[in-house]
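Take a look at the letters that make up each chain.
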Protein chains: 2
Amino acid sequence: MVIGAGNLATNLAIAFNERGINISQVFSRTFENANVLAKKVGAEAISNFDLIKKGNFLYIISLTDDALLQAVSQLIFNEGIVVHTSGSVSINVLKRVAKNHGVFYPLQTFSKEYQVDFFNIPIGIESSDNETKEYLFQLAGILSGDVIEMTSEQRRNVHLAAVFACNFSNLMYSIAENILRKNNLPFEILHTLIQETASKAVRQSPAEIQTGPARRNDKVVIDKHLEMLQSDPESKEIYRLLSDAIHRRYFS
Amino acid sequence: MVIGAGNLATNLAIAFNERGINISQVFSRTFENANVLAKKVGAEAISNFDLIKKGNFLYIISLTDDALLQAVSQLIFNEGIVVHTSGSVSINVLKRVAKNHGVFYPLQTFSKEYQVDFFNIPIGIESSDNETKEYLFQLAGILSGDVIEMTSEQRRNVHLAAVFACNFSNLMYSIAENILRKNNLPFEILHTLIQETASKAVRQSPAEIQTGPARRNDKVVIDKHLEMLQSDPESKEIYRLLSDAIHRRYFS
């Protein structure tokens, strides 16, 4: 069963269901949210921990970290394997929840609206014991060709790195989109650039392919850009801080 | 002929040469740099403006903005079309350089080591007159399927947006790479995530697909991440500023 009905829970439940792994129940504190996902995977929706049926082989807890920490203080399972999917929370929070426990951490950005293909997504596995480890590797292998053992310490560093590489780079796209929209220019004009930048970083190394005014130490352009951002102090501050960071990397 | 031997000049000269457009000379203030590119495209290398041969149909000035502004104060052509390739510099700096002038602005990140395919790269064109415009559209059309007319004002906004979407997102990849390296984790683990984030932003819209701790208002994770960045004040400051920016976008 799946505890949670957010972006990751949704993508995971659908992917497992598509591969023939039955999801018995979906829990969410908000019944309606549970119900939306439950319908998609032919499961029962519940919004009360007391309604969790015994006898599941696997319990996947996929919640925000706050909610996860609350949930683990309320749940105890006498059978089956319990995993959480959080990048930042230690495996140890599950110790009192179930004897056999682990972490099942797919490294990707998920949204309910778009079902990802898990095949190329790395899944980091951590486990309380060898038997659980073997099971989780098999389970992850059904979805992904890239299953890795990862300690809690490694996972939280991977998660931190992913916030920069994914969440913050997406914010950069967003700021770019705003600048274009304010000037009646279509975001499409940046599509090729965005994809090529990502492809290049992956093909070579981001440190090697850094370009732009700060990398060239082109102060004329930097000053002009800061002036253009006058009316948007937050983006201006971001521009200044990131340009300084690039400059320091290559000129000091 | 091409004035400049940097990343963009190199990619442009090679692409034109491959499509049968003859490059007669390559200028760079550093003869060795001019020579490296000149050899690749069968041109003469020069490092002195006085050696520029008359009678070219097209002069492409592809320099940093500082160098461009210096160059245009020293150059005068009585024939042919003169273009610069800068995102931020107005077309007007070319007024005294040649009667027929324009801007030829390919929107991409270039490096000498990797020759890009121009076909999907938008090329922004601005021109002093209709005849020049027609010529520049034809010329750009030889390289790219996406040629657009763009005023100086539009171009500098596109350029500013591109700094965020490309240069700054690449810095985010770089910081992620550093975090992983410090923890003996391979950057490859982020490859799929980086490419999927870029693809999603292009398929949908960056504002719609924003995820991560700040987007979820997951303060537990944010505080943990800031603590992990204790030893790297610059990345910590970037994390804080960007998380605040995301938070403000979705929770105020």
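Model, not experiment: these values are computed from the prediction.

Caption draft 1: Just the pairing of strand β7 (residues 123–127) of chain A, in detail. Residue and element names in this part refer to chain A. Counted residue by residue, β7 has five buried out of five residues, so it is predominantly covered. In the sheet, strand β6 (residues 100–106) pairs with β7 via five bridges, with the strands oriented antiparallel. Among the inter-strand pairings, Gly102 is bridged to a residue of β7, identified as Ser127. Across three bridges, β7 lies against strand β8 (residues 147–149) in parallel orientation. Bridge pairing links Gly124 to Ile148 in β8. In terms of handedness, the path from β7 via helix α4 (residues 130–143) over to β8 forms a crossover that is right-handed.

Caption draft 2: Quick peek at the sheet that holds strand β5 (residues 81–84) of chain B. Residue and element names in this part refer to chain B. Reading across from one edge, β3-β2-β1-β4-β5-β6-β7-β8 is the order of the eight strands in this open sheet, with mixed pairing throughout. Looking at strand neighbours, the two that pair on one side only are β3 (44–46) and β8 (147–149), the edges of this open sheet. Contacts from helix α2 (residues 31–41) reach β2 (25–27) and β3 within the one sheet, and its direction differs from that of β3 by about 165°. Its contacts with the sheet place helix α4 (residues 130–143) against β4 (58–61), β5, β6 (100–106), β7 (123–127) and β8, and it is angled at close to 165° to β7.

Caption draft 3: Here's a closer look at the environment of Arg96 of chain B. All names here are of chain B. By the element assignment, Arg96 lies in the loop between β5 and β6. For Arg96, a relative accessible area of 45% corresponds to the partly exposed category. Linking Arg96 and Glu131, residues 35 residues apart in sequence, is a C-alpha distance of 18 Å. Within polar-contact distance, the side chain of Arg96 engages the backbone oxygen of Val72 at 2.4 Å.

Caption draft 4: Inspection of α4 of chain B at higher detail. All names here are of chain B. Between its first and last C-alpha, α4 extends 20 Å over 14 residues, near the 20 Å set by a 1.5 Å rise per residue. Taken together, the buried positions of α4 are occupied by Thr132, Leu136, Leu139, Ala140 and Leu143. Within α4, the buried residues cover an arc of 95° as seen down the axis, which keeps them to one side. Residues of α4 that are exposed and angled more than 90 degrees away from the buried face: Asn130, Glu131, Glu134 and Gln138.

Caption draft 5: The interface of chain B and chain A, seen in detail. Across the contact, 94 residues belong to chain B and 94 residues belong to chain A. Buried area between chain B and chain A, both sides added, is near 8900 Å², and the carbon and sulfur share of it is 66%. Joining chain B to chain A, the criterion identifies two salt bridges. We note a salt bridge from Glu234 of chain B to Arg248 of chain A, for which the minimum N-O separation is 2.5 Å. The tally of links from chain B across to chain A stands at 40 residue pairs in polar contact (both at pLDDT 80 or more). Where the side of chain B that touches chain A is concerned, the elements lending two or more residues are α3 (65–74), α5 (152–182), α6 (191–203), α7 (206–209), α8 (213–216), α9 (219–228) and α10 (233–251) of chain B. A total of 27 residues in the side of chain B that touches chain A trace back to one element, the largest contributor, which is α5 of chain B. Its residues assigned to classes, the side of chain B that touches chain A comprises 49 nonpolar, 29 polar and 16 charged.

Caption draft 6: Structural detail: the sheet that holds β6 of chain A. All names here are of chain A. In space, the eight strands of this open sheet follow the order β3-β2-β1-β4-β5-β6-β7-β8, with mixed pairing throughout. Either end of the sheet is taken by a strand with one partner, and the two such strands are β3 (44–46) and β8. Packed on one face of the sheet, helix α2 (residues 31–41) meets β2 (25–27) and β3 and runs near 165° to β3. Where helix α5 (residues 152–182) meets the sheet, its contacts fall on β5 (81–84), β6, β7 and β8, and the angle it forms with β6 comes to roughly 25°.

Caption draft 7: Molecular detail of the packing of α5 of chain A against α5 of chain B. The geometry of α5 of chain A relative to α5 of chain B is characterised by a closest axis approach of 8 Å and an angle of 175° between their N-to-C directions. The angle between the axes of α5 of chain A and α5 of chain B places the two elements in the roughly antiparallel class. Grouping the constituent residues of the contact of α5 of chain A with α5 of chain B by class yields 24 nonpolar, four polar and no charged.

Caption draft 8: Layout of the relation of the copies chain B and chain A. The transformation that overlays chain B on chain A combines an axial shift of 0.0 Å with a rotation of 180°, and the residual RMSD is 0.0 Å. When the rotation and shift are considered jointly, the pair of chain copies conforms to a two-fold rotation axis. Taking the C-alpha atom as reference, chain B places Ser169 of chain B closest to the rotation axis, 2.2 Å from it. A shared binding surface is used by both copies, with 100% of the interface residues of chain B retained as interface residues in chain A.

The rules behind these values
Residues numbered from 1 in each chain as written. Chains lettered and ligands numbered in written order. Predicted model: local features only at pLDDT ≥ 70, side-chain atom pairs only at ≥ 80, totals over all residues. Heavy atoms only, no water. Buried < 20%, exposed > 50% of the residue type's maximum accessible area, 1.4 Å probe, protein only. Helix = DSSP H or I, 4+ residues; strand = E, 2+ residues; numbered from the N terminus. Pairing = 2+ DSSP bridges. Right-handed = clockwise from strand over helix to strand, strands pointing away. Contact = heavy atoms within 4.5 Å. Axes fitted to C-alpha atoms, helices over the stretch in contact; angles between N-to-C directions. Polar contact = N/O pair within 3.5 Å; in protein donor to acceptor, adjacent residues only side chain to side chain. Expected span 1.5 Å × (residues − 1). Arc of directions from axis to C-beta. Buried area = accessible area lost by both parts, 1.4 Å probe. Salt bridge = Lys/Arg side-chain N within 4 Å of Asp/Glu carboxyl O. Nonpolar A, V, L, I, M, F, W, Y, C, P; charged D, E, K, R; others polar. Parallel < 35°, antiparallel > 145°, perpendicular 65-115°, else oblique. Least-squares fit on C-alpha atoms with pLDDT ≥ 70 in both.

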